[in-house]
Amino acid sequence: MFLSQAAKAGLSWWLDNVLQSNDPISHGKIDIEITCDASKKGRGAVCNKISTQSLWTTRKQSKHINELELRAIKFALKNHNCLGNMSKSFLITLQLSVI
């Protein structure tokens, strides 16, 4: 994997500072809350109190769990009417269970 100098600098900053931080990252009132989870068998998501789930294809089951978690997020955003009639600017919080 190739990382640019800018990406390396960004990762270095996080490594140097993440353990010293006590403050939550917040940008204001949350408009949408999405909870996603993925396993080697399937994915699920809850958005606006509506849940959905599906099984992975055999080919996708072999992917790394982090990729499956990201695919679960994409699934949630595409398959829910989460964004509905939102304005162009809104704040989403994602709750994931990545180990």
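For the structure given in this document, a descriptive report is provided here. (Residues numbered from 1 in each chain as written. Predicted model: local features only at pLDDT ≥ 70, side-chain atom pairs only at ≥ 80, totals over all residues. Heavy atoms only, no water.)

### Re the overall build of the protein chain
A count of helical and extended segments in the protein chain gives three helices and four strands. Split into buried and exposed, the 99 residues of the protein chain put 17% on the buried side. Of all intrachain contacts in the protein chain linking residues separated by at least 6 positions in sequence, the fraction that spans at least 24 positions is 55%. When the accessible area of the protein chain is evaluated, it comes to approximately 8,000 Å², of which 56% is carbon and sulfur surface. (Helix = DSSP H or I, 4+ residues; strand = E, 2+ residues; numbered from the N terminus. Buried < 20%, exposed > 50% of the residue type's maximum accessible area, 1.4 Å probe, protein only. Contact = heavy atoms within 4.5 Å. Areas by Shrake-Rupley, 256 points an atom, 1.4 Å probe, with all protein chains shown as cover.)

### Quick look at the pattern of salt bridges
The final tally for this structure, using the stated rule, is one salt bridge. Of the charged contacts in the structure, one is a salt bridge between Arg-71 and Glu-67, with a shortest N-O distance of 2.9 Å. On the criterion of helical spacing, the pair formed by Arg-71 and Glu-67 is a turn pair, its members being four residues apart in helix α3 (residues 65-79). A relative accessible area of 30% means that Arg-71 is categorised as partly exposed. In this structure Glu-67 comes out as partly exposed when scored by relative accessible area, which is 30%. (Salt bridge = Lys/Arg side-chain N within 4 Å of Asp/Glu carboxyl O.)

### Thoughts on the sheet that holds strand β4 (residues 92-95)
Spatially, β3-β2-β1-β4 is the arrangement adopted by the four strands of the open sheet, whose pairing is mixed. The open sheet has two edge strands with one neighbour each: β3 (50-55) and β4. Looking at each pair of strands side by side, their axes are set apart by 15° on average, direction ignored. In the sheet, strand β1 (residues 32-38) pairs with strand β2 (residues 42-47) via five bridges, with the strands oriented antiparallel. Bridging across to β2, Ile-34 finds its partner in Cys-47. (Pairing = 2+ DSSP bridges. Axes fitted to C-alpha atoms, helices over the stretch in contact; angles between N-to-C directions.)

### Let's talk about the environment of Thr-93
Within the element layout of this structure, Thr-93 appears in strand β4. Separated by 62 residues in sequence, Thr-93 and Asp-31 have C-alpha atoms that sit 8.1 Å apart. Once you skip the residues sitting within four places of it in the chain, Thr-93 turns out to touch Ile-30, Ile-32, Glu-33 and Ile-34.

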